[in-house]
Amino acid sequence: MPFLGKDWRSPGWSWKKTDDGWKRIIFYGHELEDNNKEIDLKALCSDNKENVFVGEVCELATAKRKKHLYNNNTKSQFVFTDKWIYVQKGSTKERHGYCTLGEALNRLDFSSAIQDLSRFNYVAKLFQLIARSQLRNLSGAAQKNYFNILEKIVRKVLDDHYNPRLVKDLLQDLSSTLHSLAIHVGRCVLVGNVNIWLCRLKTIHEWKQQLNNLHIPQQICNGVSFNELPLHTQNDILCKLSDACDIINLGQATPTLQSLSESSILWKKLCHFHFSDKQFCKNLVLSKSDHVDWKLMYFTLRKHYPMREQYGDTLHFCKHCSILFWQDRHLTLLLKDCGHPCTAIDPDSCLMPISPQHFIELFQF
């Protein structure tokens, strides 16, 4: 019988009724492309006379061949695109096994997330952390999916010119890690042939060259330009920036912006945004006139403490259901949908935003 209900222990399978009883429907991702039409079950069983299957064994062979056909005819990895996954950390009576980082990377829909500007920086930062320390812990399928999504990230930057500096840092960290693993460590920790990883290193080097040669064309605007705005409006815009590199680069545009970017009040607000007062006391930097040099203070504190991370949208974790999911803000506001089948009386009180570093720590057992 099909399992109906919002119990978090449900495996989420779909069933169909046949003459022989209920059978589980096996899904392997999206529907095949137009050129990959539905494969006839009898044709598959009759193609290879050495392997004649009947009943459920033949259906399993059909599903497996569909999977291989999709992988061979498409560039992306054949994976699930779930909106939520259950984070299993140990065996229970209801569930056996545990959820790994590679499984979460395969099942959660990161390919669609990078198309959303509010989630792009979050996914890029997560991939940067994986490149630094978790790449060797991914399975072969997860590693393949990682590089396929990374290619989409690079392609989006080249097409939309969105945040190329973040992706450059990601590729630099990934290149350093792969060079260390492939050249110095070798096949003992890498899944697959070493030559495949050397080809991936070459591809990363090509991506870095494309980003370095990226030319952002000047936009033609018929309305009011940035320089025509009042000084207090320009200053308010600068105060909204949370990245010091963006402030410095913007200050190089015009002499007026150069003067605004050197404002002590601006750098003071930036320090209070990223760091606490306790951290100020330990690393107080004074100028020659015994005043606090807030710009120098910022770069001094950045060497010792992590900066505050800010993202438009993040993954959320339900402490009641142990479910990790993308929360659709529009559905949450309109339909009051919490984004996953939650059984809690007050689902909002159980939700917790997950930073990229916390995402990595969720799967460290």
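Residues numbered from 1 in each chain as written. Predicted model: local features only at pLDDT ≥ 70, side-chain atom pairs only at ≥ 80, totals over all residues. Heavy atoms only, no water.

**Q** Any details on the packing of helix α10 (residues 244-251) against helix α12 (residues 264-274)? Residues and values, ideally.
**A** With their axes 12 Å apart at the nearest point, α10 and α12 run at an angle of 160° to one another. Taken together, the axes of α10 and α12 are roughly antiparallel relative to one another. In the packing of α10 onto α12, the handedness of the crossing is right-handed. On α12, the residues that touch Ala244, Ile247 and Ile248 of α10 are Leu266, Trp267 and Leu270. Among the residues making up the contact of α10 with α12, the classes are represented as six nonpolar, no polar and no charged. (Axes fitted to C-alpha atoms, helices over the stretch in contact; angles between N-to-C directions. Helix = DSSP H or I, 4+ residues; strand = E, 2+ residues; numbered from the N terminus. Parallel < 35°, antiparallel > 145°, perpendicular 65-115°, else oblique. Left-handed = near helix turned anticlockwise from the far one by under 90°. Contact = heavy atoms within 4.5 Å. Nonpolar A, V, L, I, M, F, W, Y, C, P; charged D, E, K, R; others polar.)

**Q** Any chance you could break down the sheet that holds strand β3 (residues 84-86) for me, citing the residues and the numbers?
**A** Taken together, the four strands give an open sheet; going across it, the order is β3-β5-β4-β6, and neighbouring strands pair in antiparallel fashion. Bordering the open sheet on either side are β3 and β6 (351-354), each of which pairs with just one other strand. For this sheet the average axis-to-axis angle between neighbouring strands, irrespective of direction, equals 25°. Summarising the sheet, β3 and strand β5 (residues 323-326) pair through three bridges and their orientation is antiparallel. Across the sheet, isoleucine 85 pairs through a bridge with leucine 324, a residue of β5. (Pairing = 2+ DSSP bridges.)

**Q** Go over the environment of lysine 168 with me, naming the residues and quoting the values.
**A** The topology assignment puts lysine 168 in helix α7 (residues 164-185). A residue is classified by how much of its surface remains accessible, and lysine 168, at 31% relative accessible area, is partly exposed. Measuring from C-alpha to C-alpha, the distance between lysine 168 and glutamine 209 comes to 9.7 Å, with 41 residues separating the pair along the chain. (Buried < 20%, exposed > 50% of the residue type's maximum accessible area, 1.4 Å probe, protein only.)

**Q** Give a detailed account of the pattern of salt bridges, specifying residues and quantitative values.
**A** Tallying each qualifying case throughout the model produces eight salt bridges. When the shortest N-O distance is used, the salt bridge between aspartate 246 and arginine 165 registers 2.8 Å. In this pair, aspartate 246 sits in helix α10 while arginine 165 sits in helix α7, placing the two residues 81 residues apart along the sequence. Relative accessible area serves as the criterion here: at 32%, aspartate 246 is assigned to the partly exposed category. (Salt bridge = Lys/Arg side-chain N within 4 Å of Asp/Glu carboxyl O.)

**Q** Describe unusual backbone geometry, listing the residues and the values that go with them.
**A** In this structure, histidine 161 takes a positive phi of about 60° despite not being glycine. In this fold, histidine 161 is placed in the loop between α6 (140-160) and α7. Residue histidine 161 is classed as partly exposed on the basis of its relative accessible area, which comes to 25%. Its identity is not glycine, yet serine 322 carries a phi of approximately 60°, on the positive side. In this fold, serine 322 is placed in the loop between β4 (315-318) and β5.

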